Each structure stands twice: as C-alpha cells, then as structure tokens.
Amino acid sequence: MSSLPSPSVPAESAPRDRAGVLADLRARIRRIEGAGGEGGRTLPFGVEAIDAHLPDGGLPLGCLHAVTAEDPGAGTGFAATLLGRLATPKAPALWILRGRDLHAPGLAAYGLTPDRLVAVRAVRAVDALWAMEEALRCSALSAVLGELEGLDLTASRRLQLAAESSGVTGFLLDLGAGMPGRRGGRPEGLSAAVTRWRLDAAPSSDEEEDRAPRPAGGLPGLGAPRWSVALERCRGGRPGRWTLVREEEGWRDAGDPDIGDPRVGNRWQMSDTRQSSRESGPSGHRPAAAGR
C-alpha cells in the first residue's frame, strides 16, 4: 500500500514558527518571574541606548517599578513623563501624594491633563500603601504612582502581585534620597520591583545648540535641563546610566563620554496621540511639582 506524500511546508515558515515559539516562551518566563503581567507589553523610551538595556526594548507594563530621586524635581518629572504616556481619558492614572502639592500646569505639559489624572492625598504611610494596593487592582486605571519609601520585600511583593492581577503599571516614587543624611545613605533593601531607577539633576550646557528657549528678559546662559538617569536594577535587562537633555520635542541622549556606549541624537519622544499639549514648561529642574 503506497503511502501518501507528506504535505510540503514552505521553508520560510519554519523560522517564523521558531520565532513565535521563542516569543511565547519569553512571555511565559516573564509572567512566571513577574516581569510584565500585561501580556508582555512594554513602553519603549525611544532612546536606543536605554531601550537596549530593557527586556524586549521597553519598560515592562503591568508590574511594579521603583524611582528614587536625588533631586525631587527630576524624579517628579521622570515619573510624570511615564504616567503621561500611559494615561488616557478612559483609563486615567492615579497619583498618591504625601505632604505636598502638584503643579497642575506643569503636569499638563507632560500630558497629565485633569481628564487623565486622579490625585489622592494620604496622611499616613500605611494609608498610602493601602490605597496603592487597592488602586493597582482596579483595571479601570492605566497606572498608579505612590510616593512611598522604605518598603520591605513583603509590602512591595503585594504591590507587584496586585499589578500582575490587573495589568495596571505601578510606580514607587521615593523623593527623600536627597534629604540631609540620605544622599548615598542607607543601602537599598530587597524589593519586588521589576526595575529600579535613580534620578538626579545634571549640570546644563551653555552651548549655542543646547540653550533652552526662554521668555524675553530671561536670564542668559541657561541651557536645557539635563537629568542623570541610572537604571540600577532590571529583571531580564541590564543596568546602565545616561544623561538626558530635556528639549521641547522630547529627550535627547547627551552622550556623556564617561557613561557607557553613548548614542548622541537619539530622542525620547514625549508627545503621542494621547497627549493634548506639548512640553513647554519652565527650563528649571522642578517644572512638575512644588513643595509645600
């Protein structure tokens, strides 16, 4: 009895199948490790030097991230930029405040207009932690930011599990790193956060091509704001450090020769279809928040 010929498989389909299988395996591993609970989706920075250090070329969504700031304005602006790219009118972001006010016009410059942001004030740290965990379980939100510091592994793990359960991205913002006695102070404890970032203000340049637009009568010699951005830990990625220049149309890697493989000219575009305003805030390092 003659056997039927086996169906022919196009040669080009095999590599695609293998690539698909590998992508599925990577996504499953990320879910097992808790590195991206929202179907493996990521938010690219748009700066090649940074995206190359992150898993799958972007910030994992649906999980917890930690941001520590030596300069409060730099940390606030960094967090506001991320929230502004995630928040929409149908799925706003929630910001849990501790003892300060937010500057609404500055936030609007990052895309966080009133229809995209809900602000909650918590007096006690325990209340802020409870509010953040409950909010992370609400799938109607796009992201939740809590101004919390010094969380232990158990508390951060609860937040990570809450983010995984809903696909909402969480940010822990610690603005106390620059306080007296804390700069370079106590070592970081164990945390379930998938990434940990450290922000600081960097000296601006007074070169002609790097001068920020300023109103008539403004002080001369002020360059565009520069931020020192350090990725200290990344699950599935690699640590790195960069100096970013903040410009009207987005971020540009300053290409500091003392910091790893610079890629001058790459930009982190802040504007997208969800933002209703372009960045036009003041040239200082604290455009998005004002302390009380």
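Above this text is the structure in question.
Residues numbered from 1 in each chain as written. Predicted model: local features only at pLDDT ≥ 70, side-chain atom pairs only at ≥ 80, totals over all residues. Heavy atoms only, no water.

1. Looking at the packing of aromatic side chains
Thought 1: Under the defined criterion, the tally for this structure stands at 3 aromatic pairs.
Thought 2: Note on Phe45 and Phe78: the rings are 6.3 Å apart at their centroids and 35° apart in plane angle, and the pair reads as tilted. Highlighted residues: Phe45 in the loop between β1 (42-43) and α2 (48-51) and Phe78 in helix α3 (residues 72-86), separated in sequence by 33 residues.
Thought 3: Phe45 gets classed as buried once you look at its relative accessible area, which sits at 1%.
Thought 4: Taking the centre distance of 5.3 Å and the plane angle of 25° together, the rings of Phe45 and Trp197 count as stacked. With a gap of 152 residues between them, Phe45 in the loop between β1 and α2 and Trp197 in strand β9 (residues 195-202) connect regions that are remote in the sequence.
Thought 5: Through pairs of rings, three or more aromatic residues link up here, namely Phe45, Phe78 and Trp197. (Phe/Tyr/Trp six-rings, centres within 6.5 Å; stacked < 30°, edge-to-face > 60°. Helix = DSSP H or I, 4+ residues; strand = E, 2+ residues; numbered from the N terminus. Buried < 20%, exposed > 50% of the residue type's maximum accessible area, 1.4 Å probe, protein only.)

2. Concerning helix α5 (residues 125-136)
Thought 1: Between the first and last C-alpha of α5 there are 16 Å, a value that for 12 residues agrees with the 16 Å anticipated at 1.5 Å per step.
Thought 2: Of all the residues in α5, the buried ones are Ala128, Ala131, Met132, Glu133, Ala135 and Leu136.
Thought 3: The elements touched by buried residues of α5 are β3 (64-69), β4 (93-97), β7 (143-146), α6 (153-166) and β8 (169-174). (Expected span 1.5 Å × (residues − 1). Contact = heavy atoms within 4.5 Å.)

3. Regarding the nonpolar core
Thought 1: Of all hydrophobic cores here, the largest spans 38 residues; its most connected members are Phe78, Trp95 and Trp197.
Thought 2: When residues of this core are assigned to their parent elements, the largest contribution, 7 residues, is made by α3. (Core = buried A, V, L, I, M, F, W, Y, C linked by side-chain atoms within 4.5 Å.)

4. Observations concerning the pattern of salt bridges
Thought 1: Enumeration over the complete set of coordinates arrives at 10 salt bridges.
Thought 2: Across the salt bridge formed by Glu232 and Arg196, the nearest N and O atoms sit 3.0 Å from each other. Here Arg196 lies in strand β9 and Glu232 lies in strand β10 (residues 226-234), a separation of 36 residues in the sequence.
Thought 3: The partly exposed category is assigned to Glu232, whose relative accessible area is 28%.
Thought 4: The class for Arg196 is buried, based on a relative accessible area of 17%.
Thought 5: In this structure, the salt-bridge partner of Arg198 is Glu232, at a minimum N-O distance of 2.8 Å. On the criterion of sequence distance, the pair formed by Arg198 in strand β9 and Glu232 in strand β10 is long-range, its members being 34 residues apart.
Thought 6: The network of salt bridges with shared partners includes Glu70, Arg196, Arg198 and Glu232. (Salt bridge = Lys/Arg side-chain N within 4 Å of Asp/Glu carboxyl O.)

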